[in-house]
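Here is how the chains run, residue by residue.
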Amino acid sequence: MALVAQVSVMLNWCENQMVKNRVHDLAILGGEPAFSEKLYVGRPNIGNRERLLDRINQMLDNRWLSNAGPYVQEFEQRVADMIGVKHCIAMCNATIALEIAIRATGMKGEVIVPSFTFVATAHALQWQEISPVFCDIDPSTHLMDPQKIEELITPQTSGIIPVHLWGQPCNVEAIGEIARRRGLKIVYDAAHAFACSHKGEMIGTFGDAEVFSFHATKFFNTFEGGAVLTSDDDLANRIRLMKNFGFTGYDQVEYLGINGKMTEPAAAMGLTSLESIDDFVEVNRRNYKLYQEEFAELWGVRMLNYDESQRNNFQYIVLEIDEGATRISRDDLVQALSAENVMARRYFYPGCHRMEPYRSMERYRNIALPETELLASRVMSLPNGTVVGENEIRRICDLVRFVLANGPEVTAGIRKRMARAAPAVPGEAMAPGRN
Ligand SMILES: Cc1ncc(COP(=O)(O)O)c(C=O)c1O
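Residues numbered from 1 in each chain as written. Predicted model: local features only at pLDDT ≥ 70, side-chain atom pairs only at ≥ 80, totals over all residues. Heavy atoms only, no water.

### With respect to the overall build of the protein chain
To keep things clear, this is the line we draw: Segments assigned H or I by DSSP are reported as helices when at least four residues long, segments assigned E as strands when at least two residues long, and all are numbered from the N terminus. Categorising residues by exposure relies on relative accessible area from a 1.4 Å probe, with only protein chains included: less than 20% of the type maximum marks a residue as buried, more than 50% marks it as exposed, and the intermediate range marks it as partly exposed. Method for areas: the Shrake-Rupley scheme with a 1.4 Å probe, in which residue coverage is limited to the protein chains shown. Charge assignment: positive for Lys and Arg, negative for Asp and Glu; neither His nor the chain ends contribute. For the purpose of locating charges, the reference atoms are NZ of Lys, CZ of Arg, CG of Asp and CD of Glu.
A count of helices and strands for the protein chain gives 15 helices and 15 strands. Taking all 435 residues of the protein chain together, 56% fall into the buried category. Of the accessible surface of the protein chain, which amounts to about 18,900 Å², a share of 50% is contributed by carbon and sulfur atoms. Counting 45 positive and 55 negative side-chain charges, the protein chain places the averaged centre of each group 3 Å from the other.

What follows is the structure, given as structure tokens:
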């Protein structure tokens, strides 16, 4: 009770607009939202608008809008130089980039992937009638466990798609060793990991190829976009052909291809974002340090820490909620925050293996991924990026503490209201399935 009183005093002191003395001052229980505008987890970072518009104007003057135009070429060269690989092939998004990388590396049959990832990782395989074989994760890092990878290899296995989740590097040494010994291809899903490093080497340099996402919700965006990176000349050549319908000449087609091309406006946004990338990272890092300080001693909450000896983009503020200790579930906390216009999100619930089409397929019926399932019930993320500053973060953290300090009462209040009305969707975002 003393803790509750202390927290409510702090809320009054901290921000005049947010007076939450009692549990029923929470917006989920009928009070006013703490924020008048929604604070999203992945609100796009925008670089220098003038530079972007200059580029777009020049593009319109040139009338070169797509098909490996000058901006795409420059963007590919800049990214390849920044990461330290021979080839960067820019694409329309990371999902198509993954599909093309999977096909170009010759994966077939079965490919081992985590289930605790955005569903695009699995869909990129299933779309090509390759079966994703879901692997459990290491609960301390949320990354695929190399020992468990080995146990899943069968004569049908052709590759591994590990995910550098939250921008953290996978155990590339152990996974590389398994792949070499068992003759498997590796394509890393590095959608979260642009501008991150591992032991001094940039992510983007590992495996047969790596795939970045530049989707609007990523800290660095090209509106929509992605890229495959590789230092394998033959593989790069195949990927370039495949992303442009298989054309080798003006009217010569040598491959089964698809349209995976990045457009010029997207590349113009990419070039402009690259000019501000250090600022984006610095804002994320500052925010991350503040969250870390605020949540240092929060009972029942573990915040994911990044290895600060390496380069990180610090995009994701990831919390694990241990309901046994907090006495409020992750979902109820997310709902309570959403009502305050803090659009916290659960991630990657319920795990790919519990989504269609996988959950209805015979081969996944008895799948056991205990760590994935536990984590999917506990993980949530909080807003970061250039749309939140110190004031917002301190208020968000006060709110989290206030809800947790009153866990059972908030839960009971939510249940009572749910009995009367349809519940809000936990982690409601701008559009369903927003990644
Ligand atoms: C882990 C992961 N893989 C793949 C993707 C797909 O990226 P895109 O939206 O660029 O297709 C995402 C998107 O968020 C992702 O988080």
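Let's pick the thread back up.
### Quick look at the environment of Asp233
Test applied: Residue contacts follow a heavy-atom distance rule, with two residues in contact if any of their heavy atoms lie within 4.5 Å. The term polar contact refers here to a pair of N or O atoms within 3.5 Å; inside protein, the definition further demands a hydrogen-donor-capable atom paired with an acceptor-capable atom, and it admits residues adjacent in sequence only when both atoms are side-chain atoms.
One can find Asp233 in helix α8 (residues 233-242). Separated by 146 residues in sequence, Asp233 and His87 have C-alpha atoms that sit 7.7 Å apart. Asp233 has contacts with Lys86 and His87, leaving out every residue within four places of it along the chain. Among the polar contacts listed, one links the side chain of Asp233 to the side chain of Lys86, at a separation of 3.0 Å.

### A word on the sheet that holds strand β15 (residues 379-382)
For the record, the criterion: Two strands pair under a simple rule: DSSP has to find at least two bridges between them. Axis lines are fitted to C-alpha atoms, over the contacting stretch for helices. Their N-to-C directions set the angle, which ranges from 0 to 180 degrees.
In space, the four strands of this open sheet follow the order β11-β12-β15-β14, with antiparallel pairing throughout. Of all strands in the sheet, those bounded by a partner on one side alone are β11 (301-303) and β14 (345-346). In this sheet, β15 lies alongside β14 in antiparallel orientation, the contact comprising two bridges. For Arg345, the partnering residue across the bridge sits in β15 and is Ser381. Against the sheet, helix α10 (residues 277-294) contacts β11, β12 (317-321) and β15, and its axis sits at roughly 155° relative to β11. Against the sheet, helix α12 (residues 330-339) makes contact with β12, β14 and β15, and its axis sits at roughly 20° relative to β15, the strand it touches most.

### As for a nonpolar patch on the surface
The following threshold applies: What makes a patch is a set of residues exposed beyond 30% relative accessible area and free of salt bridges, joined within 9 Å when like-charged and within 5 Å when nonpolar (Val, Leu, Ile, Met, Phe, Trp, Tyr). The salt bridge definition used is simple: a Lys or Arg side-chain nitrogen within 4 Å of an Asp or Glu carboxyl oxygen.
Together, Phe245, Phe247 and Val253 line one region of the surface with nonpolar side chains, adding up to about 240 Å² of accessible area. As for its position among the elements, Phe245 is in the loop between α8 and α9 (264-275).

### Observations concerning the sheet that holds strand β5 (residues 157-160)
Taken in spatial order, the seven strands line up as β2-β10-β9-β6-β5-β3-β4 in an open sheet, and their pairing is mixed. Taken across any chain shown, the strands that pair with only one partner, and hence form the sheet edges, are β2 (87-91) and β4 (131-135). Averaged over all pairs of adjacent strands, the angle between their axes in this sheet comes to 25°, without regard to strand direction. In the sheet, strand β3 (residues 110-114) pairs with β5 via three bridges, with the strands oriented parallel. Residue pairing across strands places Glu110 opposite Thr157, the latter belonging to β5. Where helix α4 (residues 94-104) meets the sheet, its contacts fall on β2, β6 (185-189), β9 (209-213) and β10 (226-230), and the angle it forms with β9 comes to roughly 165°. Together, β5 and β6 form the strand contacts of helix α7 (residues 172-182), whose direction differs from that of β6 by roughly 150°.

### Regarding unusual backbone geometry
Note the cis peptide between Tyr349 and Pro350, where omega equals 0°. Residue Pro357 is bonded to the preceding Glu356 through a cis peptide linkage, with omega at 5°. Position of Pro357 relative to the elements: it lies in the loop between β14 and α13 (370-376). Within the chain, Arg327 stands out as a residue other than glycine whose phi angle is a positive 60°. With respect to the secondary-structure elements, Arg327 resides in the loop between α11 (323-326) and α12. Owing to a relative accessible area of 54%, Arg327 belongs among the exposed residues under this scheme. We note that Asn341 has phi near 75°; this positive angle belongs to a residue other than glycine. The residue Asn341 is located in the loop between α12 and β13 (342-343) in this model. The buried category is assigned to Asn341, whose relative accessible area is 9%.

### As for the confidence of the model for the protein chain
Stated precisely, the cut-off is as follows: pLDDT measures the predictor's confidence residue by residue and takes values from 0 up to 100.
Per-residue confidence for the protein chain gives a mean pLDDT of 93, with 92% of residues at or over 70. A low-confidence stretch, residues 1-16 stays under pLDDT 50, and its non-local contacts, those more than four residues away or across chains, total 25 contacts.

### Considering α7
Here is the rule: Throughout, the arc means that of the directions going from the helix axis to the C-beta atoms.
Burial in α7 covers these residues: Val172, Ile175, Gly176, Ile178 and Ala179. The arc enclosing the buried residues of α7, seen along the axis, measures out at 160°, which places them on a common side. Contacts made by the buried residues of α7 are with α6 (146-152), β5, β6 and β7 (197-198). Gly183 sits one or two residues past α7 and shows a positive phi near 65°.

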